[in-house]
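Structural description and commentary
Given next are the chains, with one letter for each unit.
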Amino acid sequence: MLTVVNKIKKGKAIFYIAEKRMEKQTFAVIGLGRFGGSVCQTLADAGQEVLAIDHDEARVNDYKDIATQAVVADAQDEDVLRSLGIRNFDHVIIAIGEDIQASILVTLMVKEQGVKYVTAKAQNENHAKVLEKLGVDRVVHPERDMGVRIGRSLTSKNMIDYLDLDSNFKMAEILITNPRFFGRSLAELNFRDKYKLNVIAIAHSKSEMNLPAADDVLGLHDSILVAGPKDAIDQFEELMNSK
């Protein structure tokens, strides 16, 4: 992360505010299906340098104006990967769809060529185990994770969205329904000490999420985006169900 200090003058006071920004990195996305395409779009929107690779020319054409460079190529060819300079990228995302054999082969070649950090999409648990044994730095299960998020939101009255950040640390958007919280500010509620949660964002009366301020007051139909241990999030959700 890059720390940028902004100087802001308000009246006679001068504020120096530190802002953390993501340093520009180079990414290669192999496979431009729904998952790979979404990753490519998000990275490009964040101002990162992205090489998009797929053997399907139609898919590549869809991303030629989004990625820094889009290439029609067979990533299963070791010479092709070498000619693209794949080893020079900071991060390679292997987003190959249902062809598990191709995913494993490309992962093996990418690791052998010395890529610093590799993320790979897994189709199932057995596929994930193989990817982990090949030394993949991060294995993702987009379909499974989305299913968990949707299932959790369908079975909860107050949890609007839910995301696993790791095995114990979660992020969730929770609707404030307990009247005991109405009319009280975030500073007064003291989420970090009382509930072991960090409030990341707040939405008033179903509006868009905004960065929270200590004097933000909670009310009916407000929701907050919180991050913290799984147990703390579960306990806070249960608290919303009590009156």
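This is a predicted model, so every value here is computed, not measured.

1. Looking at the overall build of the protein chain
Secondary structure summary: the protein chain contains nine helices and twelve strands in total. The long-range share in the protein chain, meaning contacts at least 24 apart out of those at least 6 apart in sequence, stands at 51%. Accessible area for the protein chain stands at about 14,300 Å²; split by element, carbon and sulfur atoms hold 51% of it.

2. Section: helix α4 (residues 100-112)
An α-helix turns once per 3.6 residues; consequently, residues spaced three or four apart project the same way. Over its 13 residues, α4 extends 18 Å from the first C-alpha to the last, a length consistent with the 18 Å expected when each residue adds 1.5 Å. Looking at α4, one finds that the buried residues are Ala-102, Ser-103, Val-106, Thr-107, Met-109 and Val-110. Measuring from the backbone nitrogen of Gln-101 back to the side-chain oxygen at the start of α4 gives 3.4 Å, which picks out Asp-99 as the cap. Backbone geometry just downstream of α4 places Gly-114 in the positive-phi region, at approximately 85°.

3. Some remarks on the pairing of strand β5 (residues 69-72)
Remark: a regular strand shows side chains that alternate across the two faces of the sheet. Pairing analysis gives four bridges linking strand β4 (residues 49-54) to β5, with the strands arranged parallel. Directly across from Ile-53, in β5, lies its bridge partner Val-71. The parallel pair β4 and β5, bridged by helix α2 (residues 57-63), forms a crossover whose chirality is right-handed.

4. Some thoughts on the sheet that holds strand β12 (residues 223-229)
Pairing is antiparallel across the open sheet formed by four strands, whose spatial order is β9-β10-β12-β11. At either end of the open sheet lies a strand with only one pairing partner, and these are β9 (159-164) and β11 (198-203). Each strand of the sheet is rotated relative to its neighbour by a mean of 15°, with strand direction disregarded. Examined bridge by bridge, strand β10 (residues 169-175) and β12 share seven bridges and lie antiparallel to one another. Its bridge partner being in β12, Met-171 is matched across the sheet by Ala-227.

5. Considerations on the sheet that holds strand β3 (residues 26-30)
A sheet is described by the order of its strands in space; here six strands give the open sequence β5-β4-β3-β6-β7-β8, paired in parallel fashion. Every other strand in the sheet has two partners, leaving β5 and β8 (138-140) as the edge strands with one partner each. Neighbouring strand axes in the sheet, compared pairwise and without regard to direction, differ in orientation by 15° on average. With three bridges joining them, strand β7 (residues 118-121) and β8 adopt parallel strand pairing. Bridge assignment links Lys-121 to a residue of β8, and that residue is Val-140.

6. Considerations on the packing of α4 against helix α5 (residues 125-133)
Where α4 meets α5, the closest approach of the two axes is 10 Å, and the angle between their N-to-C directions is 10°. The angle between α4 and α5 falls in the class roughly parallel. Two packed elements cross with a definite hand, and for α4 against α5 that hand is right-handed. Where α4 approaches α5, its residues Ile-100, Ser-103, Ile-104 and Thr-107 are matched on the opposing element by His-127, Val-130 and Leu-131.

7. With respect to the environment of Glu-49
One can find Glu-49 in strand β4. Overall, the relative accessible area of 35% leaves Glu-49 in the partly exposed class. Spatially, the C-alpha atom of Glu-49 lies 8.5 Å from that of Ala-28, the residues being 21 residues apart in sequence. Setting aside residues up to four positions removed in sequence, Glu-49 forms contacts with Lys-24, Gln-25, Thr-26, Phe-27 and Thr-68.

8. Side note on the pairing of β12
Across the seven residues that make up β12, a large majority, five, are buried. Two strands pair when backbone bridges link them, and β11 and β12 are joined in this way by five bridges, in the antiparallel orientation. Within β12, the position partnered with Asn-198 by the bridge is Ala-227.

9. Quick look at the packing of aromatic side chains
A complete count under the given rule lists six aromatic pairs for this structure. Between Phe-181 and Phe-191 the ring centres are 6.4 Å apart and the planes differ by 45°, which places this aromatic pair in the tilted class. In this pair, Phe-181 sits in the loop between β10 and α7 (186-189) while Phe-191 sits in helix α8 (residues 191-195), placing the two residues ten residues apart along the sequence. Each of the two residues, Phe-181 as well as Phe-191, counts as buried. Note on Phe-181 and Phe-236: the rings are 5.6 Å apart at their centroids and 90° apart in plane angle, and the pair reads as edge-to-face. In this pair, Phe-181 is assigned in the loop between β10 and α7 and Phe-236 in helix α9 (residues 230-241), connecting sequence segments 55 residues apart. When its relative accessible area of 3% is taken as the criterion, Phe-181 is described as buried.

Criteria and cut-off values
- The written sequence of each chain sets the order in which its residues are numbered from 1.
- For this predicted model, a pLDDT threshold of at least 70 governs which residues receive local features, and a threshold of 80 or more governs which side-chain atom pairs are given and counted, while totals over whole chains, interfaces and linings are taken from all residues.
- As a rule here, side-chain values come from all non-hydrogen atoms in the structure, and water together with hydrogens is ignored.
- Secondary structure follows DSSP: runs of H or I at least 4 residues long count as helices, runs of E at least 2 residues long count as strands, and numbering of each begins at the N terminus.
- When checking whether two residues touch, look at their non-hydrogen atoms; a contact exists if any pair is within 4.5 Å.
- Method for areas: the Shrake-Rupley scheme with a 1.4 Å probe, in which residue coverage is limited to the protein chains shown.
- Expected span of a helix, by definition, is 1.5 Å for each gap between consecutive residues, and there is one gap fewer than residues.
- Buried means the residue's accessible area, taken with a 1.4 Å probe over protein chains only, is under 20% of the maximum for its type, while exposed means over 50%, and partly exposed covers the values in between.
- By the criterion applied in these results, polar contacts are pairs of N or O atoms within 3.5 Å in which, for protein atoms, one can donate a hydrogen and the other can accept it, and in which residues neighboring in sequence qualify only through two side-chain atoms.
- Whether two strands pair depends on DSSP finding at least two bridges between them.
- By convention, orient the strands away from the viewer: a clockwise path from the first strand over the helix to the second makes the crossover right-handed.
- The axes used here are C-alpha line fits, helices contributing only the stretch in contact, and every angle between their N-to-C directions lies in the interval 0 to 180 degrees.
- Roughly parallel means an angle under 35 degrees; roughly antiparallel means over 145; roughly perpendicular covers 65 to 115; every other angle is labelled oblique.
- By the definition used in this description, the sense in which the near helix is turned from the far one sets the handedness, with an anticlockwise turn below a right angle giving left-handed and a clockwise turn giving right-handed.
- The pairing test for Phe, Tyr and Trp rings, Trp by its six-membered ring, is centres within 6.5 Å, and the orientation test on the planes gives stacked under 30 degrees, edge-to-face over 60, and tilted for anything in between.

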